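Chain and residue survey
Residue-level listing of the chains:
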Amino acid sequence: MMLIRPPRFLSPSPAPGPREPRLRRPLDASRIFSSPRPPGRRPRAASPATDLRRLTARIVDLTRRRQLAQIMEEVEAARRRARGGGVLNTIVMNAVLDACVRCGDVDRALRHFEEMRGPRGCGVDGVSYGILLKGLGIARRIDGAFEILESIEKDSSIGSPRLSPHLICGFLNALIEAGDMRRANALVARFRKVLYEGHSVLLYNLLMKGYIKSNFPLGALTVKDEILRQGLKPDRLTYNTIISACVKSAEIDKAIQFLEDMKEEANRESNPELLPDAVTYTTLLKGFGNSRDLYSVLKIVVEMKSSLLSIDRTAYTAMIDALLACGSIDGALCIFGDIIKQAGNNKDLRPKPHLYLSIMRAFATRGDVDMVMRLSKRMWPDSVGFISRAAKEEAHELLMEAAINNNQIDLARGLLRRIVNEKEYFSWTSRVGLVAVKVESLSGFTNSLLRPHVFPQIILDDPVEKYMVSFQESRPLPADIILRKVVMRFLKDRAVPLVDDWGSCVGIVHRDDCTKLDAPLLSMSRGPPLCVPTSTTVEHVIDLLLREKSEMVVVVKSGNMYEGSYTSSSRPLGVFSLAILWSFTGDYSSDIQDPDFSRVTTLKQNAEACNCS
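An unreviewed UniProt entry lists the protein chain under the name CBS domain-containing protein, with Urochloa decumbens given as the organism.

Right under this line is the structure:
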């Protein structure tokens, strides 16, 4: 016999009769929206707290980039979106305060601080006061910072901040960074009771750092003695600071002794936090490099590589710099190859451009043109970070130095020509200047890049009267004329003299200063004109033009003025300008009308070489 079970939806109803009422659970509003979101419906907006957390993170990120203007724009936009009159919470505004301090705008930080503690502000706390004190210390507004500390001490500050070591240490660190140990010691003496209540070595570490910043780095050793007298134990930062003080004072033996003490104490107390780190060894490498102690440098390098220490890019760079300072180029290349090998798996180890330049300097001294050229080519794809214009210029200069040290005169002359054409200026006493002098001396008189025939018609000792253009030929303009009426004149001339109603020269207006079309020309001149007497030598006039960064001088009678002075009764006889000087050059071309400032500097050097020859 087969028993068939009826379906659930066909089950018979229970017999009618009295039954107890079912207890229903109270309706929960959250269950109404617990069902899955239908497709196409927009997600719910983030809570205000989430928005503020995102805004704070955004401010911190922009602060690292020093983009204060962008921070202010986004904060103002958040205020407009916020409810309750656009008031943000204290955490966000503290991030804004820190951004202002880090970007160097302490006045704006003070304004935001006043808004925060105002009647409609979000309020201030101990963090707000700490950031403000740090900013005042960086800005050297010491009196204002002490006033805030005294108000906190008297409990008269809004927000009731507590006078704590953390609050004071930010201000103290700012004083120490500025090297103001007098005020730093005064701050410690004034709030000694508060600073010593934590019984921490933080305060002592800051004081030692201050002595290193000052001219008495060995004063940090006396602070260490005070730490021991107080019954405190030095930490790793304490030892690193002391070793740095010894290295700065060229007391390398004492630095080595503190390194051994550091290891011994770490082993005695089984405290790995006291073992030397990358900062310790990097500081020692700098000291050994300065003293040219190759044996000690190699010993430190082996110790770093054999330990469990994590060697970062800074430590590797310190190894190479120390080896190069000791003259071990082969050892530096070994470490450099190790960096390149490991950088394939760890991008944080990719060297920066200045490391390439350091190695290139060593090979340039050797005269190894091939290695300098290889390193110069690999610096662009293999280095990390921004390659500045100065770094690019130095790469070309080092290649020129290597060529001249290898007696490749033609290559060196070609590189020097490129440097002279691209570089705005360089000092003859600089590294590139000394190499340029060597290139010129080896090139010979006829092959000189300075070309003595550049000024075939000018002798620098001649009076400027011989080469000036008469004042009327310079076509001066009325001083009160509007720029709009004569704007086409400045498409051709870089500087134009101005005259008043009596024909006296009252100024010189330059093309670069013509920024207001509706303004008179006199308002855009650079003050009284540069004037020289007719007997002034051409060499002196060129020096005056280059020093004052002017395009033109006015020539007057010798008896009318002393150099630099000019009266309205002095009648101008003529003008002498850089354009006139350019017209006397041997390679003058009619299509070149705007010689730049660096070109004129080179021309003056050419003329000097000509007369010296």
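That was the structure; now back to the text.
**Let's talk about the overall build of the protein chain**
A tally of regular secondary structure across the protein chain gives 26 helices and seven strands. Carbon and sulfur atoms provide 53% of the accessible area of the protein chain, an area that totals close to 35,300 Å².

**So, unusual backbone geometry**
Keep in mind that most residues, glycine aside, have a negative phi and that most peptide bonds are trans. You will see that S270, though not glycine, has its phi angle at about 50°, which is positive. Topologically, S270 is positioned in the loop between α14 (252–268) and α15 (278–290). Unusually for a residue other than glycine, K549 sits at a positive phi of about 55°. Position of K549 among the secondary structure elements: in the loop between α24 (538–548) and β6 (552–556).

**Looking at the nonpolar core**
Residues I59, F171, L187, L285, I320 and M400 are the most contacted members of the largest nonpolar core, which totals 127 residues. Filtering out sequence-adjacent residues up to four positions away, M400 remains in contact with A412, L415, L416, I419, V432, V435, A436 and V439. Core analysis: the next-biggest nonpolar cluster, separate from the first, contains 18 residues, V464, L546, V555 and L581 among them.

**Describing the UniProt feature "repeat: PPR" (unreviewed entry) in the protein chain**
Following the UniProt record, one finds the feature "repeat: PPR" (unreviewed entry) at residues 89–119, 200–234, 235–269 and 277–311. Taken as a whole, residues 200–234 contains 66% helix and 0% strand, while its terminal C-alpha atoms sit 10 Å from one another. Helix and strand shares over residues 235–269 are 86% and 0% respectively, and the end C-alpha atoms of the span are 12 Å apart.

**A short note on helix α18 (residues 329–343)**
Its 15 residues place the ends of α18 21 Å apart at the C-alpha level, agreeing with the 21 Å of an ideal helix rising 1.5 Å per residue. Buried residues along α18 sit in contact with α16 (294–306), α17 (313–325), α19 (353–366) and α20 (369–382). N-capping of α18 is provided by S328, with a side-chain oxygen placed 3.3 Å from the backbone N of G331.

**Quick notes on the sheet that holds strand β1 (residues 469–470)**
Pairing within the open sheet is mixed, and its four strands lie in the order β1-β7-β6-β5. Of all strands in the sheet, those with a lone pairing partner are β1 and β5 (531–533), marking the two edges. Sheet analysis places β1 next to strand β7 (residues 572–577), joined by two bridges and oriented antiparallel. Residue V469 lies in a different strand from β7, and its bridge partner there is V575.

**Concerning the sheet that holds strand β2 (residues 477–478)**
The strand order β2-β3-β4 describes an open sheet built from three strands, whose pairing is mixed. Edge positions in the sheet fall to β2 and β4 (505–510), since each has one partner strand and no second. Of the strand pairs in this sheet, strand β3 (residues 495–499) and β4 are connected by five bridges, and their pairing is antiparallel. By the bridge assignment for β4, A495 is matched with H510.

**A short note on the pattern of salt bridges**
Evaluation of the coordinates by the stated rule reveals 27 salt bridges. The salt bridge partner of D370 is R374, with a shortest N-O separation of 3.2 Å. Within this pair, D370 and its partner R374 are both found in helix α20, separated by four residues, close to a single helical turn. One connected set of salt bridges, linked through shared partners, spans D61, R64 and R65.

**A closer look at a nonpolar patch on the surface**
Taken together, the side chains of V487, M488, L491 and L517 make up a nonpolar region of the molecular surface, amounting to roughly 390 Å² of accessible area. Along the polypeptide, V487 turns up in the loop between β2 and β3. Since its relative accessible area comes to 33%, V487 is described here as partly exposed.

**Some points on the packing of aromatic side chains**
How two aromatic rings sit relative to each other is set out by the distance from centre to centre and by the angle between their planes. Per the stated rule, a full pass over the model turns up three aromatic pairs. For the pair F113 and Y129, a centre-to-centre distance of 5.1 Å together with 80° between the ring planes defines the contact as edge-to-face. In this pair, F113 sits in helix α5 (residues 106–116) while Y129 sits in helix α6 (residues 126–138), placing the two residues 16 residues apart along the sequence. Each member of the pair, F113 as well as Y129, carries the same accessibility label: buried. Consider the rings of F336 and Y356, whose centres lie 5.2 Å apart with planes at 85°: the pair is edge-to-face. With F336 in helix α18 and Y356 in helix α19, this residue pair connects regions lying 20 residues apart in the sequence. Look at F336 and you get buried, because its relative accessible area is 9%.

**Overview of the pairing of β3**
Each regular strand carries side chains that alternate between the two faces of the sheet. A large share of β3 lies buried, amounting to five of its five residues. Neither face of β3 is exposed, since A495, P497 and V499 on one face and V496 and L498 on the opposite face are all buried. Two elements, β2 and β3, share two bridges in a ladder whose sense is parallel. Counterpart to P478 in the pairing with β3 is V499. Between β3 and β4, which pair antiparallel in sequence order, lie five residues; one of them, G503, sits at a positive phi of approximately 85°.

**Things to note about the confidence of the model for the protein chain**
Averaged over the protein chain, the pLDDT score is 78; the fraction of residues at 70 or greater is 80%. Confidence over residues 1–18 falls short of pLDDT 50; this stretch has zero contacts with residues more than four positions distant or in other chains. Of the regions scoring below 50 in pLDDT, residues 23–35 engages in one contact with residues more than four places distant in sequence or in other chains.

**Section: helix α12 (residues 219–229)**
For α12, the complete set of buried residues consists of G219, A220, L221, V223, K224 and I227. Summarising the contacts, the buried residues of α12 are in contact with α11 (202–213), α13 (236–248) and α14. Looking one or two residues beyond α12, the residue adopting positive phi is G231, at roughly 80°.

**With respect to the packing of α6 against helix α8 (residues 165–177)**
Between α6 and α8, the least distance of the axes is 8 Å, while the angle of their chain directions is 15°. As the angle between them shows, α6 and α8 are arranged roughly parallel. Here the hand of the crossing between α6 and α8 comes out right-handed. The residues of α8 that touch α6, namely those facing G126, Y129, G130, L133, K134, G137 and I138, are L167, G170, F171 and A174. Split into classes, the residues belonging to the contact of α6 with α8 amount to six nonpolar, four polar and one charged.

**Quick word on the packing of α5 against α6**
The N-to-C vectors of α5 and α6 enclose an angle of 155°; their axes lie 10 Å apart at closest approach. Between α5 and α6, the angle falls in the class roughly antiparallel. Between α5 and α6 lies a crossing whose hand is left-handed. Contacts from V106, L110, F113 and M116 of α5 reach α6 at S128, Y129, L132, G135 and L136. By residue class, the composition of the contact of α5 with α6 is seven nonpolar, two polar and no charged.

Basis of the calculations
Residues numbered from 1 in each chain as written. Predicted model: local features only at pLDDT ≥ 70, side-chain atom pairs only at ≥ 80, totals over all residues. Heavy atoms only, no water. Helix = DSSP H or I, 4+ residues; strand = E, 2+ residues; numbered from the N terminus. Areas by Shrake-Rupley, 256 points an atom, 1.4 Å probe, with all protein chains shown as cover. Core = buried A, V, L, I, M, F, W, Y, C linked by side-chain atoms within 4.5 Å. Buried < 20%, exposed > 50% of the residue type's maximum accessible area, 1.4 Å probe, protein only. Contact = heavy atoms within 4.5 Å. UniProt positions renumbered as here; feature names shortened; annotations may be inferred. Expected span 1.5 Å × (residues − 1). Polar contact = N/O pair within 3.5 Å; in protein donor to acceptor, adjacent residues only side chain to side chain. Pairing = 2+ DSSP bridges. Salt bridge = Lys/Arg side-chain N within 4 Å of Asp/Glu carboxyl O. Patch = residues over 30% accessible without salt bridge, like charges linked within 9 Å, V, L, I, M, F, W, Y side chains within 5 Å. Phe/Tyr/Trp six-rings, centres within 6.5 Å; stacked < 30°, edge-to-face > 60°. pLDDT = per-residue confidence, 0-100. Axes fitted to C-alpha atoms, helices over the stretch in contact; angles between N-to-C directions. Parallel < 35°, antiparallel > 145°, perpendicular 65-115°, else oblique. Left-handed = near helix turned anticlockwise from the far one by under 90°. Nonpolar A, V, L, I, M, F, W, Y, C, P; charged D, E, K, R; others polar.

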